[in-house]
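Letter by letter, the chains look like this.
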Amino acid sequence: VRDHGRAFFAALQRQPFGGAGRPGQESRIRIGPAHMLHVAEEGSALAAALEGLHADISLAKDAPEDVLALGRRAGELRDDLRFLLRADDPGFVYYLEVRGRGVSLRAAPIDVSQIVRELLLERMRATVLTSATLTVDGSFDYVRQRLGIGRAREVRLDSEFDYASRAVLYLPRRMPDPRSPAFAEAAAQQVLELLRRSRGRAFVLFTSYANLRHVQRIAEAELEYPILVQGSAPRSALLRDFKATPHAVLLATSSFWQGVDVAGDALSCVIIDKLPFASPGDPITAARMEAIGARGGSAFGEYQVPLAVLALKQGLGRLLRHRHDRGVLAVLDPRLKTMPYGRRFLASLPPAPVTHALEDVERFFEADGAAC
């Protein structure tokens, strides 16, 4: 199994797959049945090896349970591999994921609603779904549609946090279009101004590594605060160091937008560079947008905008984790004000006072000595 596994993934790495991506780069490459023909021989050999392992262990009735579990796992992997090699189920999107020197072959359902209904909703007398980020523009419609929820009792509660007095939402008055080459430099300058006023103690969250690296170079040269960067250490180690280091700044991308809890003065500012739209070049995003378009819907309005709204709420939600927390939320993307869909984002953001002036940010941090 090991030898055939190495041969199969080596064959995958040798395939250009239409030049959509190359090993050594972090990317997702959409594939189909025609692509898998190039690795069919190596894939079939690996499936046969897994079948042999499964069969041999199945004959050993008196083997220890951990060995029998390996046999069952080999059978599951055999079935998964055969499914991936066919790459022909219209309900799934198939893709190759390349991370550094690692390659993974994956399939994801385009529509998860039927799976959620069959495995969860239809098996339970009652199901409670609760989260701080379930609504978009005050409505549960997006999550209900994605999860296949028909009838439901809904309740939307105000946050327990006093955003009106304990937070400020900063939106720069003038910023270049995010697609402009000038945006990265303008964002870097805004980040510097905000960090000087917050005296570090901030998460700066990016939608791309390119902007992160640009801001990192400038921040390390201009600021005296400790700069922690995603990728330089494991996620848990970065969080530990951030909490333990006075006035630290963490520069990070998507994995720090959710599931991160830093209470107290250690985190007093969260800065987000761009609205977190999912890339239409991502295989899963592309397949789901195509499915919406095929039924005559608006992929941007029905999928990309709501998904980005929820992601933005999750990112900004890193700031206030306790009733006594206070701080500044900053979104540098001018599309909140310049594009029609910006109102949907603004309607979903925490109810904090909005300012366009850095002087207000400075006064906020000085109000009770928070910046000292």
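Below you will find a few notes about this structure. (Residues numbered from 1 in each chain as written. Predicted model: local features only at pLDDT ≥ 70, side-chain atom pairs only at ≥ 80, totals over all residues. Heavy atoms only, no water.)

1. Considering the sheet that holds strand 3 (residues 102-109)
The strand order across the open sheet built from 3 strands is 1-2-3, with neighbouring strands paired in antiparallel fashion. Two strands bound the open sheet, and with one partner strand each, they are strand 1 (27-31) and strand 3. The sheet shows a mean angle of 30° between the axes of neighbouring strands, taken without regard to direction. Along the sheet face, helix 1 (residues 2-14) touches strand 2 (92-99) and strand 3 and points at about 85° away from the line of strand 3. Along the sheet, helix 11 (residues 283-294) contacts strand 1, strand 2 and strand 3; its crossing angle with strand 1, the most-contacted strand, is approximately 45°. (Pairing = 2+ DSSP bridges. Helix = DSSP H or I, 4+ residues; strand = E, 2+ residues; numbered from the N terminus. Axes fitted to C-alpha atoms, helices over the stretch in contact; angles between N-to-C directions. Contact = heavy atoms within 4.5 Å.)

2. Examining the pattern of salt bridges
Tallying each qualifying case throughout the model produces 19 salt bridges. Asp282 is paired through a salt bridge with Arg28; the nearest N and O atoms lie 3.0 Å apart. With Asp282 in the loop between strand 8 (269-272) and helix 11 and Arg28 in strand 1, the pair connects residues that are 254 residues apart, well separated along the chain. Looking at Asp282, the relative accessible area reads 17%, which means it is buried. Where Glu97 meets Arg106, a salt bridge forms, and the shortest distance between an N and an O atom there is 2.9 Å. Among the residues examined, Glu97 registers a relative accessible area of 7% and is labelled buried. (Salt bridge = Lys/Arg side-chain N within 4 Å of Asp/Glu carboxyl O. Buried < 20%, exposed > 50% of the residue type's maximum accessible area, 1.4 Å probe, protein only.)

3. Comments concerning the sheet that holds strand 4 (residues 167-170)
An order of 6-7-5-8-9-4-10 is seen for the 7 strands of this open sheet, with the pairing classed as parallel. Strands at the two margins of the open sheet, each flanked by one partner only, are strand 6 (227-229) and strand 10 (354-355). Bridge analysis of strand 8 against strand 9 (residues 327-331) gives 4 bridges, and the strand direction is parallel. By the bridge assignment for strand 9, Ile271 is matched with Ala330. The strands touched by helix 10 (residues 235-244) within the sheet are strand 5 (202-205), strand 6 and strand 7 (249-252), with strand 6 carrying the most contacts at an inclination of about 165°.

Functional significance is not addressed by these values, which are geometric in nature.
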